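# Chain and residue survey
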Amino acid sequence: MTTGSPQHDTPHHAQTVPVPAEFARHAHIGSRAAYDDLCAQAQADYPGYWAGLAREMVSWKQPFNQVLDESNAPFYRWFADGTLNVSYNCLDRHVEAGLGDKTAIIFEADDGTVTRHSYKQLLEKVSQLANALKAQGVQKGDRVVIYLPMSVEGVIAMQACARIGATHSVVFGGFSAQSLRDRVEDAGAVLIITADEQQRGGKSLPLKAIVDEALSLGGCDSVRRVIVYRRTGGKVAFDAGRDVWLHEVMAAESTTCEPEWVEAEHPLFLLYTSGSTGKPKGVQHCTGGYLLQAALTTKWTFDLKPDDIFWCTADIGWVTGHTYVAYGPLANGGTQIVFEGVPTFPDAARFWRMIEAHKVTIFYTAPTAIRALIKAAEITAEVHPRNFNLGSLRLLGTVGEPINPAAWDWYHREIGGGRCPIVDTFWQTETGGHMITPLPGAHALTPGSCTLPFPGIDAAVVDETGKEVPWGQGGVLVVRKPWPAMIRTIWGDPERFKKSYYPADLGGTFYLAGDGAIRDVETGYFTITGRIDDVLNVSGHRMGTMEIESALVSHPLVAEAAVVGRPDDLTGEAICAFVVLKRARPSGEEARKLAAELRNHVAQEIGPIAKPKDIRFGDNLPKTRSGKIMRRLLRVIAKGDAVTQDTSTLENPAILEQLAQAN
Ligand code: 6R9
């Protein structure tokens, strides 16, 4: 194990930013004492603490009596004898409470068109699609793959699945046909919901055609239907025996649909994410515990109030778009923005213009977006946020990767006007919701630190044997107690779940997050130092190095490939690939051409997000005498640094010089 993201600069603790008194006065959790009290409650009676919140935040059909079942650890069960429906909790109960006309979603399309859906309208559409799914033969427990752009329809599709107890698996629209096929096959999906095209940054990109290609690759016999949302009206091929239009199947259905009451442990969704081995993992989430934490973290971390306009910029293809677009804000009866486009179209002021236009109060985005917009504002004065009235904002958030203090300062000053707290939320696909994060009314902030665990989360920094290390000393991040929204298993591979997250060398009862961390000597605040496994974080997207290596070696000319990350000012980490060809090492123009071809090949195999930024060719890779690739040396070379480490175990030291040369 190695610790430390290369790109992370140390938080400057001298610059602690206190909680603004005005913010604390109105906050749900309004002081450090209130936070400490919640932690003490969880400490004193762990199941009782979560049970109380589960009764307060979630409407149950059949109330639960069992809270936490640890009998088959680490396959923990929460609230197992209770039944509920997520869509009922997100929609019906607000309509029943008289909030039917409240705006649930303000949608802004790529071209700037704005549409609104009230809770009542959303409920009617979700019910229609739920009925349509049933009419197509989808049953409780069936898997439905959703391959849609950011859209109200995407949220409706997820909610409709939840309404009938179908398990959705959203695949990000940037994934290739091959990646889509792998996920459809692994999930055994019976139906796919897609769109004709997606519209982003003024360009339309095919989705239906990619679905067609994915299904033609074979292995997807489980798929009986494809429902197509007409987004652009672009021409698509239609298989009369398999494909149907979304608007047609919805129009045929009633606007009411009795929710399917499911057990708390019923799988709500699968979401595929990269691990340190080649095959993506289908992270399985449940219904009750997940909903509890989606609702609770949205309320406490974002201090969400009825009048807020909440905007999380994440795509529904990632976990952030699940918990903080599709579920958390709706579970709280909030009003949120759903945005189809990209931050740089028609120009890099899009976010700031939208915040002004919609009077956004809470804004949640990724450090990579902030860094890109800082750069754009430095180059072009017109897109600088100072040109816009961002006075509606009261809270900012970040997620996905460590935020470097310089970007934090800019975000705080230029976007937050120095008055808005920033919640730097650490969590993962597997955790379901925020794990370590400031509560904005309770915690003074340190740029670059995600501060302290969410009340009830037992996070710790330990050494390789599971022993807690003193504050100020780096180690691996673990969670010592199960929590309600945690991953239940890896779909179809319980052994891999156990091995990946509950390794025996840590005692078998600690959840291993896969990140390194260090706690501040004085405050105990956590700083995440980056992944300790072979997972890269590029623009906040998780990419397994092995996945990219397999994609590279599937090219007929490639004999061997090793992929490492190197620090990048904009994307956090950049993908750097070292490649050995089945023929002589190319140079000059030929090398540049081949590198371009390999990049496209990776985009074909996985998706454009996995394209290596840098490809270098060698006659061989640096290996130990026993044949292990020495990635630690490749990381040094990728960075452009001189190798000062001990290379005595290296079989072929001369290769280092060759690989240090860029094409
Ligand atoms: C929600 C999400 C998870 C990985 C995680 C870590 C990194 C996420 C972070 C952060 C530092 C933060 N990460 N939030 N690192 N500070 N606030 O991003 O899920 O896509 O599964 O990625 O992202 O490395 O392990 P996911």
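Analysis parameters
- Here the residue numbers are simple positions, counted from 1 along each chain's written sequence.
- Per-residue local features are limited, in this predicted model, to residues with pLDDT of at least 70; the limit for side-chain atom pairs, both in listing and counting, is 80 or more; totals at the level of whole chains, interfaces and linings are taken over all residues.
- Hydrogens and waters are ignored; side-chain quantities use all the structure's heavy atoms.
- Working definition: helices are DSSP H or I runs of at least four residues, strands are E runs of at least two. Numbering for both runs from the N terminus.
- Think of it in three bands: residues with accessible area under 20% of the maximum for their type are buried, residues over 50% are exposed, and the middle band is partly exposed, with areas taken using a 1.4 Å probe on protein chains only.
- Given a residue, its bend is the angle between the two axes fitted to the seven residues that end at it and to the seven that start from it.
- It only takes one pair of heavy atoms within 4.5 Å for two residues to be counted as in contact.
- Polar contact is the term for a pair of N or O atoms within 3.5 Å; when the atoms are in protein, one must be able to donate a hydrogen and the other to accept it, and sequence-neighboring residues count only if both atoms are side-chain atoms.
- Each nonpolar core is a collection of buried residues, namely Ala, Val, Leu, Ile, Met, Phe, Trp, Tyr and Cys, held together in the definition by side-chain atoms within 4.5 Å.
- All domain edges in this entry derive from an automatic or database-based domain assignment.
- Buried area is understood as the total, over both parts, of accessible area removed when two parts are fitted together, assessed with a 1.4 Å probe.
- A side-chain nitrogen of Lys or Arg and a carboxyl oxygen of Asp or Glu constitute a salt bridge if their distance falls within 4 Å.
- Should DSSP find at least two bridges between two strands, the strands are taken to pair.
- Angles here are taken between N-to-C directions and fall from 0 to 180 degrees, while the axes themselves are lines fitted to C-alpha atoms, restricted in helices to the stretch in contact.
- To estimate the expected span of a helix, subtract one from its residue number and multiply by 1.5 Å.
- UniProt positions are given in the numbering used here, feature names are shortened, and annotations may be inferred rather than shown by experiment.
- Note on definitions. A residue lies near a molecule or strand when any single heavy atom of the residue is within 4 Å of it.
- Only the protein chains shown count as cover for residues, with accessible areas throughout obtained via the Shrake-Rupley method and a probe of 1.4 Å.
- Geometry of aromatic contacts follows a simple scheme: Phe, Tyr and Trp rings, the Trp one being its six-membered ring, pair when their centres are within 6.5 Å, and the pair is stacked under 30 degrees between planes, edge-to-face over 60, tilted otherwise.
- Charge-over-ring contacts are defined here by two conditions on Lys NZ or Arg CZ: a distance within 6 Å of the ring centre and an angle within 35 degrees of the ring normal.

### Notes on the environment of Ala662
Residue position: Ala662 is located in the segment after helix 19 (655–659). Residue class for Ala662 comes out exposed when judged on its relative accessible area of 57%. Considering only alpha carbons, one finds Ala662 and Thr523, 139 residues apart in sequence, at a separation of 44 Å.

### Quick look at helix 4 (residues 86–99)
Asp92 marks where helix 4 bends most, by close to 35°. Taken together, the buried positions of helix 4 are Val86, Ser87, Tyr88, Asn89, Cys90, Leu91, Asp92, Arg93 and His94. Tucked into the core, helix 4 has its buried residues touching helix 3 (46–57), strand 3 (83–84), helix 5 (119–135), helix 6 (152–164), helix 10 (288–301) and helix 11 (319–331). The opening residue of helix 4, the one whose side-chain oxygen lies 2.8 Å from the backbone nitrogen of Ser87, is Asn85.

### What about the nonpolar core?
The biggest cluster of nonpolar side chains holds 168 residues, and the ones touching the most others in it are Trp50, Phe79, Leu133, Tyr327 and Val579. It is helix 6 that provides the largest number of residues to this core, a total of nine residues. Excluding residues that lie within four positions of it along the chain, Leu133 makes contacts with Val138, Ala160, Cys161, Ile164, Leu191, Ile193 and Ile227. With 33 residues, the next largest nonpolar core counts Phe363, Ala407, Ile415 and Ile422 among its residues.

### Considerations on the domain arrangement of the protein chain
For the protein chain, the domain assignment lists domain 1 (21–342 + 421–515) and domain 2 (539–660). Look at where the C-alpha atoms of domain 1 and domain 2 centre, and you get two points 34 Å apart. Overall, the association of domain 1 and domain 2 removes approximately 1,100 Å² of surface from exposure, summing both partners, and the carbon and sulfur fraction of that is 46%. Where domain 1 touches domain 2, the interface holds one salt bridge. The shortest N-O distance in the salt bridge between Arg542 and Glu430 comes to 3.0 Å. Taken together, domain 1 and domain 2 are joined by nine residue pairs in polar contact (both at pLDDT 80 or more).

### Concerning the sheet that holds strand 21 (residues 459–462)
The strand order across the open sheet built from four strands is 21-22-24-25, with neighbouring strands paired in antiparallel fashion. Looking along the sheet, the strands with just one partner apiece sit at the ends: strand 21 and strand 25 (526–531). With direction set aside, neighbouring strand axes in the sheet form an average angle of 45°. As paired strands, strand 24 (residues 511–519) and strand 25 are joined by five bridges and run antiparallel to one another. Each bridged residue has a counterpart across the sheet, and for Gly516 the counterpart in strand 25 is Gly530.

### Points about helix 3
When the terminal C-alpha atoms of helix 3 are compared, their 17 Å separation across 12 residues agrees well with the 16 Å that a helix rising 1.5 Å per residue should span. Looking only at helix 3, the buried set comprises Tyr46, Tyr49, Trp50, Ala51, Leu53, Ala54 and Met57. Residues of helix 3 that are buried make contact with helix 2 (32–44), strand 1 (68–69), strand 2 (77–78), helix 4 and helix 10. Capping the start of helix 3, Asp45 holds a side-chain oxygen 2.9 Å from the backbone nitrogen of Gly48, two or three residues further along.

### A few points about the UniProt feature "binding site: ATP" (unreviewed entry) in the protein chain
Here, the residues flagged by UniProt with the feature "binding site: ATP" (unreviewed entry) are Gly400, Glu401, Pro402, Asp424, Thr425, Phe426, Trp427, Gln428, Thr429, Asp515, Arg531 and Arg542. For Asp515, the location among the structural elements is in strand 24. Residue Asp515 is classed as buried on the basis of its relative accessible area of 7%. Non-local contacts of Asp515, meaning those with residues more than four positions away in its chain, are made with Phe426, Gln428, Val476, Leu477, Ile528, Gly530, Arg531 and Ile532. A distance of 3.4 Å separates the side chain of Asp515 from the side chain of Gln428, its partner in a polar contact. Within the secondary structure, Arg531 sits in strand 25. There is a polar contact of 3.4 Å between the side chain of Arg531 and the backbone oxygen of Gly514.

### Regarding the site of the ligand
Close to the ligand lie 17 residues, the nearest being Asp424, Thr429, Asp515, Arg531 and Arg542. The contact in question runs from a nitrogen atom of the ligand to an N or O atom on the backbone of Glu401, over 3.4 Å. At a separation of 2.5 Å, an oxygen atom of the ligand approaches a polar side-chain atom of Thr429. Computed on the free molecule, the ligand has an accessible area of 530 Å², of which 95% lies beneath the protein chains in the complex.

### Brief notes about the packing of aromatic side chains
Scanning all chains against the criterion turns up 35 aromatic pairs. Judged by centre distance (6.2 Å) and plane angle (65°), the ring pair of Tyr502 and Tyr511 falls under edge-to-face. Each of the two residues, Tyr502 as well as Tyr511, counts as buried. Within the aromatic cluster, the residues linked to one another by ring pairs are Tyr46, Tyr49, Trp50, Trp60, Phe64, Trp78 and Phe79. Sitting over the face of the ring of Phe175, Arg183 holds its NZ or CZ atom 4.3 Å from the ring centroid. Taking NZ or CZ as reference, Lys481 lies 5.0 Å from the ring centre of Tyr46, over its face.

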